[in-house]
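# Survey of secondary and tertiary structure
Here is what each chain is made of, one letter per residue.
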Amino acid sequence: VDEDEEAETKRLRQMCQPVLDAFVEIPGLQVTIEHDEHRYTTPAARIEFTSDWRGPSCDQIVAAIAQGDPKIFLNTLGDPDEMAVDPFSLNEEELEVVIRRLGEALLQATS
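Analysis parameters
Residues numbered from 1 in each chain as written. Predicted model: local features only at pLDDT ≥ 70, side-chain atom pairs only at ≥ 80, totals over all residues. Heavy atoms only, no water. Phe/Tyr/Trp six-rings, centres within 6.5 Å; stacked < 30°, edge-to-face > 60°. Buried < 20%, exposed > 50% of the residue type's maximum accessible area, 1.4 Å probe, protein only. Pairing = 2+ DSSP bridges. Helix = DSSP H or I, 4+ residues; strand = E, 2+ residues; numbered from the N terminus. Axes fitted to C-alpha atoms, helices over the stretch in contact; angles between N-to-C directions. Contact = heavy atoms within 4.5 Å. Core = buried A, V, L, I, M, F, W, Y, C linked by side-chain atoms within 4.5 Å. Salt bridge = Lys/Arg side-chain N within 4 Å of Asp/Glu carboxyl O. Expected span 1.5 Å × (residues − 1). Arc of directions from axis to C-beta. Polar contact = N/O pair within 3.5 Å; in protein donor to acceptor, adjacent residues only side chain to side chain. Disulfide = S-S within 2.5 Å.

### Quick word on the packing of aromatic side chains
Counted according to the given criterion, the structure contains one aromatic pair. Ring centres 5.1 Å apart and planes at 85 degrees place the aromatic pair Phe49 and Trp53 in the edge-to-face group. Residue classification places Phe49 among the buried residues on the basis of a relative accessible area of 5%.

### Here's the deal with the sheet that holds strand β3 (residues 82–85)
In any sheet, the strands associate via hydrogen bonds between backbone groups, in a parallel or an antiparallel arrangement. Reading across from one edge, β1-β2-β3 is the order of the three strands in this open sheet, with antiparallel pairing throughout. For this open sheet the edge positions go to β1 (29–34) and β3, each flanked by a neighbour on one side alone. Taken pair by pair, the neighbouring strands of this sheet meet at an average axis angle of 25 degrees, ignoring direction. For strand β2 (residues 44–49) and β3, the ladder comprises four bridges, and the chain directions are antiparallel. Across the sheet, the residue bridging to Arg46 is Ala84, located in β3. Its contacts with the sheet put helix α2 (residues 58–66) on β2 and β3, and the angle it makes with β3 is roughly 35 degrees.

### Some remarks on the nonpolar core
Counting residues in each nonpolar core, the largest one holds 28 residues, and the members touching the most others are Phe23, Leu29, Ile47, Phe49, Met83, Leu102 and Leu106. Within the residue set of this core, elements represented by two or more residues are α1 (5–23), β1, β2, α2, β3 and α3 (92–110). For this core, the element with the most residues is α3, which contributes six residues. For Ile47, the residues in contact, after removing those within four places along its chain, are Val19, Phe23, Leu29, Gln30, Val31, Asp81, Glu82, Met83 and Leu102.

### Digging into the pattern of salt bridges
Counted under the stated rule, the structure contains five salt bridges. Between Arg39 and Glu82 there is a salt bridge whose closest N-O contact spans 2.6 Å. One end of the pair, Arg39, is in the loop between β1 and β2; the other, Glu82, is in strand β3, with 43 residues separating them in the sequence. As a salt-bridge pair, Arg46 and Glu82 come within 3.0 Å of each other at their nearest N and O atoms.

### Looking at α1
If you check α1, its first and last C-alpha atoms are 28 Å apart, about what 19 residues at 1.5 Å a residue would give, namely 27 Å. Buried within α1 are the following residues: Leu12, Met15, Cys16, Val19, Leu20 and Phe23. Down the axis of α1, the buried set is contained in an arc of 155 degrees. They therefore lie on one face. Exposed positions of α1 whose direction lies more than 90 degrees from the buried face are Glu6 and Lys10. Sitting at the head of α1, Asp4 places a side-chain oxygen 3.2 Å from the backbone nitrogen of Glu6.

### Here's the deal with the state of the cysteines
Applying the stated criterion to the full structure yields zero disulfides. Free cysteine: Cys16, not disulfide-bonded; nearest cysteine sulfur from Cys58 at 16 Å. Residue Cys16 is classed as buried on the basis of its relative accessible area of 1%.

What follows is the structure, encoded as structure tokens:
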């Protein structure tokens, strides 16, 4: 009851920004911050694999980081070519790990 929803939304949106900054310039990816009433009820960094993407599928990237150490599970409730980093249950150190591991998987895919 005492939670400041506006402040929490702002914090989550700020946590999404480093994800956007890290991946927005990778060819074949469209990275946005989404927040709506249906699919993204809290701010999330949405990563869409466009027709220009030349690496493994979204599913393959998601599976690769889920099998690593630490295991990382991303939001995949959207379209088949879409995943999202939902910072709701992450602290800033954990977010850095997610960005690093996802970056490694994406860079391996494009090299």
